[in-house]
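A closer look at the structure
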Amino acid sequence: MSTIEEEFIATVSHELRTPLTSIRGFSQTLLNSWDKIKDDDKKKFIGIIEEQSNRLIHLVENILSVSKMNTENQVLKRIDVNNSIKKIIPLIKEQYKEHNYETHFFSNLPEARLDDDKFQQIMTNLLDNASKYSEAGKKVSIITGISNNMIVIKVRDEGVGIKKEDYDKIFKKFSRLENHLTSKTQGNGLGLYITKELVEKMGGTISFESKENEGTTFEIKFPFYNQEDALKCSHMS
Ligand SMILES: Nc1ncnc2c1ncn2[C@@H]1O[C@H](COP(=O)(O)OP(=O)(O)OP(=O)(O)O)[C@@H](O)[C@H]1O
Ligand SMILES: [Mg+2]
């Protein structure tokens, strides 16, 4: 086994152990002292067990995504990016009820050559981060457009931002940065690693701009499905 694989397994085991230890601890306390625990506390402990189970499910799903990335074939099809994004927004809104989501869709956007499931996973990760790393009530904007014969999608937030010294860490596996919202939110630092891999595997690019305490914009670009669209659009971009 290579050192990289060994390191991966060691990190995964550590990430698995933390929620499992907590689930076991709270279950044991409930089982052993059921009659002595106040109802409010019982509810609180069960809440923690549920939260930690969700954390485990999220981790296992992300680890599966990492392991499938190199083996699973892509199903590249003609995708209307605006339509695909429209399907994800209600799911994100359901999770982050207090954020305000705004869309600025470029009309007559040419189709992209994408695997729709993977594109949705990319957008979900970016929207999840934009929401998670900004306070409730803030605006998250999704902007589509074209530039140099590429489809451009931007996800802009008004959140904590990313420090310059952290720029080279964010796409690395298991890297979470220090800010007051990272410590309050859950995550394993796999989302952006997976996102970058998926974007690049479909011929796209990903970049970001950020200002601390003002916000971050992630930008992804994908080629058009038809090269003729490039000619038609060259005067529009
Ligand atoms: N929009 C953003 N604004 C500020 N910081 C961000 C943003 N997106 C990512 N980050 C920082 O980059 C780190 C890595 O992001 P990534 O999505 O890979 O992991 P995560 O959100 O912590 O966990 P996961 O996505 O696996 O649930 C985050 O922990 C956070 O510190
Ligand atoms: Mg994330």
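For the structure given in this document, a descriptive report is provided here. What you see is a predicted model, and the numbers here were worked out from it, not measured in a lab.

1. A word on the pairing of strand 7 (residues 215–223)
- Along strand 7, seven of the nine residues are buried, which leaves the element largely enclosed by surrounding structure.
- Where strand 5 (residues 150–157) meets strand 7, seven bridges bridge the pair, whose relative direction is antiparallel. The residue of strand 7 that forms the bridge with Arg 156 is Thr 217.
- Where strand 6 (residues 205–211) meets strand 7, seven bridges bridge the pair, whose relative direction is antiparallel. Considered in strand 7, the bridge of Ser 207 is made with Glu 219.
- Linkage of strand 6 to strand 7, two consecutive antiparallel strands, is achieved through a turn of three residues, within which Asn 213 is found at a positive phi near 65°.

2. A closer look at the packing of helix 2 (residues 39–69) against helix 5 (residues 191–201)
- Contact geometry of helix 2 with helix 5 gives a least axis separation of 10 Å together with a crossing angle of 30°. With respect to helix 5, the axis of helix 2 lies roughly parallel. In this structure, helix 2 crosses over helix 5, and the sense of that crossing is left-handed. Contacts between helix 2 and helix 5 involve Asn 62, Ser 65, Val 66 and Met 69 on the former and, on the latter, Gly 191, Tyr 193, Ile 194, Glu 197, Leu 198 and Lys 201.
- A breakdown of the residues in the contact of helix 2 with helix 5 according to their chemical character gives five nonpolar, three polar and two charged.

Cut-offs used in this document
Residues numbered from 1 in each chain as written. Chains lettered and ligands numbered in written order. Predicted model: local features only at pLDDT ≥ 70, side-chain atom pairs only at ≥ 80, totals over all residues. Heavy atoms only, no water. Buried < 20%, exposed > 50% of the residue type's maximum accessible area, 1.4 Å probe, protein only. Helix = DSSP H or I, 4+ residues; strand = E, 2+ residues; numbered from the N terminus. Pairing = 2+ DSSP bridges. Axes fitted to C-alpha atoms, helices over the stretch in contact; angles between N-to-C directions. Parallel < 35°, antiparallel > 145°, perpendicular 65-115°, else oblique. Left-handed = near helix turned anticlockwise from the far one by under 90°. Contact = heavy atoms within 4.5 Å. Nonpolar A, V, L, I, M, F, W, Y, C, P; charged D, E, K, R; others polar.

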